[in-house]
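Structure assessment
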Amino acid sequence: MKRSSGIRLCVTVAVGALSLALVTGCSDGGSDKAESTTERDTGSSAQGASKTTVKALSAAELKKLALAQGDAAGYEVGPVGKTFPAAKSAVTADKAQCWPLAWAMSGQAPGDAGTSTNRMVTEAKKPSSAASRSIEDMTEKEFDDAFGAALDRTSTVVGLSSYDGDGAERAFKSVSDGVRSCSGGFTVTAGGDSQKYTGVTAEKASGTGDESVAFGASAVMEDSGGRTGTAHTEVVRHGNTLVTYYTVNLGALMSGKAYAVPPAVIDAQAAKLK
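Analysis parameters
- Residues numbered from 1 in each chain as written.
- Predicted model: local features only at pLDDT ≥ 70, side-chain atom pairs only at ≥ 80, totals over all residues.
- Heavy atoms only, no water.
- Pairing = 2+ DSSP bridges.
- Helix = DSSP H or I, 4+ residues; strand = E, 2+ residues; numbered from the N terminus.
- Axes fitted to C-alpha atoms, helices over the stretch in contact; angles between N-to-C directions.
- Phe/Tyr/Trp six-rings, centres within 6.5 Å; stacked < 30°, edge-to-face > 60°.
- Buried < 20%, exposed > 50% of the residue type's maximum accessible area, 1.4 Å probe, protein only.
- Core = buried A, V, L, I, M, F, W, Y, C linked by side-chain atoms within 4.5 Å.
- Contact = heavy atoms within 4.5 Å.

1. A look at the sheet that holds strand β7 (residues 193–197)
- The sheet built from three strands is open, its strands ordered β3-β6-β7 with antiparallel pairing. This sheet does not close on itself; its edge strands, each paired only once, are β3 (91–93) and β7. Taken over all neighbouring pairs, the strand axes of this sheet differ in orientation by 20° on average, direction set aside.

In structure tokens form, the structure reads like this:
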């Protein structure tokens, strides 16, 4: 049976999930402008001095704070594996101001972190309401629908990074600034493969932590007739620790259905950082 371009698109997206890194703009919690939700404090000289003495968490301490299996109901937690680059040095962008976005979309620390770690958090498989049928007995549309439904679940790379002094604040600002300055798009190279993003748009952030920023980046998908797809990223600062969330839903990308970084994942990670 001949398969449609929709299936080719789905396979292309499944194979190239990393190269479909798209982002979700920052907000102040209520607007869609590229502004972060942050507690502004004029601060005293004593507070300023204390910031410079803050030290990054150790690797062991940071790993204890990362999500583990059972922390987020309805989600499977495990290692990122080889789908994403093992080091941020493998990820570059054609514009310097867009590097922090590229790193956040790759599960890497957006700034010069003392320590970092990451996890893959995947939505548990949804039970199928359709009776089990042989692929050969399906029509092309039925196959398209079944294949898309099987991929209709979010996969989120959750990255944690810890910083000395005011490093987390500076790294967060570089992401927030990047959403604005990279709105016209940029090109990311990871592991020798390049992907051009046609635009970055500011979107509403969760408002968790001390400050949060979210963004969506769009790219033209192969075999789609020029249709674009969007993946979503959010960055949240909890004191001197940053958390990055990069989410892709392959089934939604294929069908054009809207999706977002799962609030349940953000809430579960935030609870471990309190």
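From this point on, the discussion continues.
2. Details of the packing of aromatic side chains
- A full pass over the atoms with the stated rule returns three aromatic pairs.
- Aromatic pair Phe 84 and Tyr 246: ring centres 5.8 Å apart, planes at 75°, arrangement edge-to-face. With Phe 84 in the loop between β2 (75–78) and β3 and Tyr 246 in strand β11 (residues 241–249), the pair connects residues that are 162 residues apart, well separated along the chain.
- Look at Tyr 246 and you get buried, because its relative accessible area is 1%.
- Judged by centre distance (5.4 Å) and plane angle (50°), the rings of Phe 186 and Tyr 197 are tilted. Here Tyr 197 lies in strand β7 and Phe 186 lies in strand β6 (residues 186–190), a separation of eleven residues in the sequence.

3. With respect to the nonpolar core
- One finds Leu 101, Met 105, Phe 186, Val 200, Phe 215 and Val 235 to be the most contacted residues of the largest nonpolar core, which totals 40 residues.
- If you list the elements that add at least two residues to this core, you get β3, α4 (99–104), α6 (167–181), β6, β9 (211–220), β10 (228–238), β11 and α7 (250–255).
- Here this core takes five residues from α6, the largest share from any one element.
- Residue contacts for Phe 186: discarding those within four places in its chain leaves Ala 93, Asp 94, Lys 95, Cys 98, Leu 101, Ala 102, Met 105, Gln 195, Lys 196, Tyr 197 and Val 200.
- Membership of the second largest hydrophobic core comes to 17 residues, among which are Ala 72, Val 158, Leu 160 and Tyr 245.

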